[in-house]
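Secondary and tertiary structure notes
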Amino acid sequence: MGKSQKKRQMRRHNPMRVPDSHLPKGLASASASSSKTEAILPIMQKMESVDPAERKWACVAVSNLIQNDPSTRRLLQGKNIVGHLITRLSDSEEEVVIEAAGSLRNLCIDGGFDICAEMFNKNILAPLKTFVPKISSTLSQFLASPKDSPENAQKLVYEFADNVITILWCLSETSNKALNAINEISLVPFLMSFLAARNNLPLSTVTSAAQCLYVLTDENPVIIEEVRTNAEYTACLLSIVRPDEAAPKSNGKDKDTSDARATAFRVLTCGILRNISPIPPPSIAATIDLDRDAVLPTLEPVLSSTSLQEIVQAAQQAIDQQESIPQLENLSLKHTPKSDHKTPSELELERLETQLRTVQLALEILTGMCATLPDPEVFSGAPDGDDQDENDGGSRPAKPSNSGADCTLGDVDEGIDDAPDVEMGAESGADVPQPPAFFTTLVAPLLKFVQTTALSFPPLGAPSPHPPTTSALSAIHVSALECLNNIFLSMATSMHGGSAALGLDPASGAAVFDAVWGALRLVGTEIAGAGQERRREMWDIGVGVLWGVGNVFKGTLVPTEEQVQVLVQFCNAVPDAYVRVKTIGTLECLAQHPDSLNANKIISSYLLSLLPPNANPPTSTEPLLQAVSALIDIYSDETLPYDVNFRQDRYLDALVQSVEGVRRAVRGIDKKKERELRIHGEEVRDNLLAFIQYRRGLRF
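What you are looking at is a predicted structure, and each value in this text was computed from that prediction instead of being measured.

It is worth spelling out the pattern of salt bridges at this point. Should the charged atoms of two oppositely charged side chains come close, the side chains can pair. Taken as a whole, this structure holds 25 salt bridges when the rule is applied. Between Glu159 and Lys155 there is a salt bridge whose closest N-O contact spans 2.5 Å. Here Glu159 and its partner Lys155 are both found in helix α9 (residues 151-172), four residues apart, which amounts to about one turn of the helix. The closest approach of N and O atoms between Glu225 and Arg228, which form a salt bridge, is 3.3 Å. Of the two residues, Glu225 and Arg228 are both situated in helix α13 (residues 221-228); the distance of three residues between them amounts to about one turn of the helix. Assessed through its relative accessible area of 40%, Glu225 is described here as partly exposed. Each of Glu48, Arg55, Arg88 and Asp91 takes part in one network of salt bridges that share partners.

What follows is the structure in structure tokens.
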């Protein structure tokens, strides 16, 4: 059950805000579903106009046109809008350059990998590199003599800096090639200058700098080393997240938006500190326990005070009241709204999205912390916790990720919107083992973020009423599942003697299993359609959580007919071999409830159907090995009530018939390319032969 971190390509810290995956491929489908097709030609014509006012108008129009509109964005891509906007970054008029950067920034955050890759391939870094020293020089002048520069001029520079930094952040998540190119720009001093001057700069620009640095320090050794070995940088970062540090002042008019951004800024800084840990002396950050003394106290209020249902209600109200964006045909060159034009409803939705993204980020950070559990000191909040076994080895269930929850995340019965109450421990007593601190403080609060809402996913076959909100909500659900996955994986690999040895009440296991199952039930099983990627991801990770819970509470979970039926159907339908492995593992755990003879029979019959020579189509190697291991584990104790199924239905004969097919599958694993899998396969093969011999020796 070894832990593996998420692959870099899965670590988009700001997932595509406005997906177009619900649309059929090609420009024809985009043209058919866009109401702005006729507006595109005038934009492209004015983009190349000799009149700078028309070029500026065209850049602004792009931002207005693509807002929450993936169809029109795709049509503009088909007209090489990315190439045209990159050209405008070298325009002779500064206002055109500023608006072009704003449109490119919006394309980056809305469109995701494909557009970012297109920008990189069309050499957007060439003009961006020239902007960095110019922004640094201007920033220094503003900070040295703030009264000498008009406020409007400062505002333009800060907005431009925000756009450039955001584009660099998005590009750095596109590919290793793009990341390596950005590493060569020497961005760390540039970004840290914004954090150091945070009290004199707009909070939105400072937060973008923190976001960019957070992404650049994610498993990027060159940047990590540059930041962690600079005592001035680490002291600055620590001063942002320490409880006695006041939040950065905001120049904004909306206090709620300011508060949301200030919280996001502090959480991002926590992420940077964790990315660069451990921090060496002589930095002051090397003298404290970062997780316990800085990170968790910052993240705790974010998670404990957030109600997804309340946010969704507010978002739905804003969506219903949303004002229309000025129609393109009604815009004149004199009265064009700026590319950052926002209506009151849009500002409210933006504030709510910032709040949701901050929760997502907190969960992402905590998932990383849970990848190193158990650590009793961190999650108990006490410097001298009791000794706990920290063994992290084991067998092969679910993969972890990168996030968790907090040392004082509240009572386990509080703060769960739609999840059932979960009593986490066994009855207290002098001789009764107490559950690990991280179990009681993390699991129940995380369950509330697993429960879906009305805006969590787009409707089947249609876009969301507000894609950015839906994107953020679904990312939160996935992050919470990843964190739970790491928690139960850690517990299953480190416990000896079952859940009772950890002081865990079997009822708490059933409650967690039912809460996660209830969330997956609401997600639904129609997950194969276009635009439903997040629903699929929920199931892919969710079955891993169920497997982890099942391993910790093996033999105590009472399976229902619905659970068995749906898991079997899911296992048959899912194409990914590892997800099938997790699903088979979950079924294995459910089959081991001693008194559920019928469920045991259904599950075992299904597992046998995956074995050669009768599997049709043949089962791929890893699921096959898991099915064999599951059957051995289920029937390793012939005294259990459900063993009657093994004897009456002659399962031993089926296992004997599978031996040659299992041997063939193991021989087919390449020793050089898949060494660990080959070793695992040989172990399963040998266990199968020994199990057959053992069962024959019983002579039932």
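What follows deals with the packing of helix α24 (residues 561-573) against helix α25 (residues 577-590). At a closest axis distance of 9 Å, the pairing of α24 and α25 adopts a crossing angle of 160 degrees. Judged by the angle between their axes, α24 and α25 are roughly antiparallel. The interaxial crossing formed by α24 with α25 has left-handed handedness. Along its contact with α24, which presents Gln563, Val564, Leu567, Val568, Phe570, Cys571 and Asn572, the element α25 presents Val579, Arg580, Thr583, Ile584, Thr586, Leu587 and Leu590. For the contact of α24 with α25, the class distribution of residues is nine nonpolar, four polar and one charged.

Further remarks concern the packing of α9 against helix α12 (residues 203-216). The interhelical angle for the contact between α9 and α12, taken along N-to-C directions, is 20 degrees, at an axis separation of 9 Å. In terms of orientation, α9 lies roughly parallel with respect to α12. The chirality of how α9 crosses α12 is left-handed. Taken together, the residues of α12 that come into contact with α9 (itself represented by Tyr158, Ala161, Asp162, Ile165, Thr166, Leu168, Trp169 and Ser172) are Ser204, Thr205, Ser208, Ala209, Gln211, Cys212, Val215 and Leu216.

With that settled, consider unusual backbone geometry. The omega torsion across Pro281 and Pro282 is 10 degrees, close enough to zero to call that bond cis. The residue Pro282 is located in the loop between α15 (255-276) and α16 (290-304) in this model. Here the bond from Pro612 into Pro613 is cis, since omega is 5 degrees, no more than 30 degrees from zero. Looking at the secondary structure, you find Pro613 in the loop between α26 (597-609) and α27 (621-634). Residue Asn123 is not a glycine yet carries a positive backbone phi of 65 degrees.

Turning our eyes to something else, we now look at the packing of aromatic side chains. Both the distance between ring centres and the angle between the ring planes are used here to describe each pair of aromatic rings. Applying the stated rule across the entire model yields ten aromatic pairs. On the basis of an interplanar angle of 90 degrees and a centroid distance of 5.9 Å, the ring pair of Trp517 and Trp539 is categorised as edge-to-face. Here Trp539 lies in helix α23 (residues 533-552) and Trp517 lies in helix α22 (residues 506-523), a separation of 22 residues in the sequence. Each member of the pair Trp517 and Trp539 is classed as buried. Ring geometry for Phe646 against Tyr651: centres 5.8 Å apart, planes inclined by 85 degrees, an arrangement best described as edge-to-face. You'll find Phe646 and Tyr651 in the same group, each marked buried.

This part is about the environment of Ala318. Take Ala318: it is sitting in helix α17 (residues 308-320). Along the backbone, Ala318 and Ser345 are 27 residues apart, and their C-alpha atoms lie at a distance of 5.1 Å. Setting aside anything within four residues of it in sequence, one finds Ala318 in contact with Ser345, Glu348 and Leu349.

With respect to the secondary-structure elements, Asp91 resides in the loop between α5 (81-88) and α6 (94-111). Of note is the side chain of Asp91, whose polar atom sits 2.7 Å from the side chain of Arg55. Among the polar contacts listed, one links the side chain of Asp91 to the backbone nitrogen of Glu93, at a separation of 2.9 Å. Excluding residues that lie within four positions of it along the chain, Asp91 makes contacts with Arg55, Val96 and Val97.

In this section: the nonpolar core. Counting residues in hydrophobic clusters, the biggest one holds 199 residues, and the most contacted among them are Leu171, Leu195, Phe488 and Leu607. It is helix α21 (residues 467-494) that provides the largest number of residues to this core, a total of twelve residues.

Our focus in this paragraph is the environment of Asn645. Mapped onto the elements of the fold, Asn645 is located in helix α28 (residues 643-648). Classification of Asn645 as buried rests on a relative accessible area of 7%. Residues in contact with Asn645, not counting those within four places in the same chain, are Leu597, Asn600, Lys601, Tyr635, Arg650 and Tyr651. At a separation of 2.9 Å, a polar atom in the side chain of Asn645 contacts the side chain of Asn600.

It is worth spelling out the environment of Ala181 at this point. Counting through the fold element by element, Ala181 comes out in helix α10 (residues 176-183). Between the C-alpha atoms of Ala181 and Phe120, which are 61 residues apart in sequence, the distance is 9.7 Å.

Scanning the model with the defined rule gives zero disulfides in all. The closest cysteine sulfur to the non-disulfide-bonded Cys116 is located on Cys108, 3.9 Å from its own sulfur.

Time to look at the confidence of the model for the protein chain. For the protein chain, per-residue confidence averages 83 on the pLDDT scale, and residues scoring 70 or more make up 79% of the total. Contacts from residues 326-332, a stretch scored under 50 in pLDDT, to residues over four places away or in other chains number eleven contacts. Here residues 334-339 is modelled with pLDDT under 50, and outside its nearest four sequence neighbours on either side it reaches 13 contacts, counting other chains as well.

Between its first and last C-alpha atoms α27 spans 20 Å; for 14 residues at 1.5 Å apiece the expected length is 20 Å, and the two agree. By the criterion of burial, α27 is predominantly enclosed, with ten of the 14 residues buried.

Conventions used here
Residues numbered from 1 in each chain as written. Predicted model: local features only at pLDDT ≥ 70, side-chain atom pairs only at ≥ 80, totals over all residues. Heavy atoms only, no water. Salt bridge = Lys/Arg side-chain N within 4 Å of Asp/Glu carboxyl O. Helix = DSSP H or I, 4+ residues; strand = E, 2+ residues; numbered from the N terminus. Buried < 20%, exposed > 50% of the residue type's maximum accessible area, 1.4 Å probe, protein only. Axes fitted to C-alpha atoms, helices over the stretch in contact; angles between N-to-C directions. Parallel < 35°, antiparallel > 145°, perpendicular 65-115°, else oblique. Left-handed = near helix turned anticlockwise from the far one by under 90°. Contact = heavy atoms within 4.5 Å. Nonpolar A, V, L, I, M, F, W, Y, C, P; charged D, E, K, R; others polar. Phe/Tyr/Trp six-rings, centres within 6.5 Å; stacked < 30°, edge-to-face > 60°. Polar contact = N/O pair within 3.5 Å; in protein donor to acceptor, adjacent residues only side chain to side chain. Core = buried A, V, L, I, M, F, W, Y, C linked by side-chain atoms within 4.5 Å. Disulfide = S-S within 2.5 Å. pLDDT = per-residue confidence, 0-100. Expected span 1.5 Å × (residues − 1).

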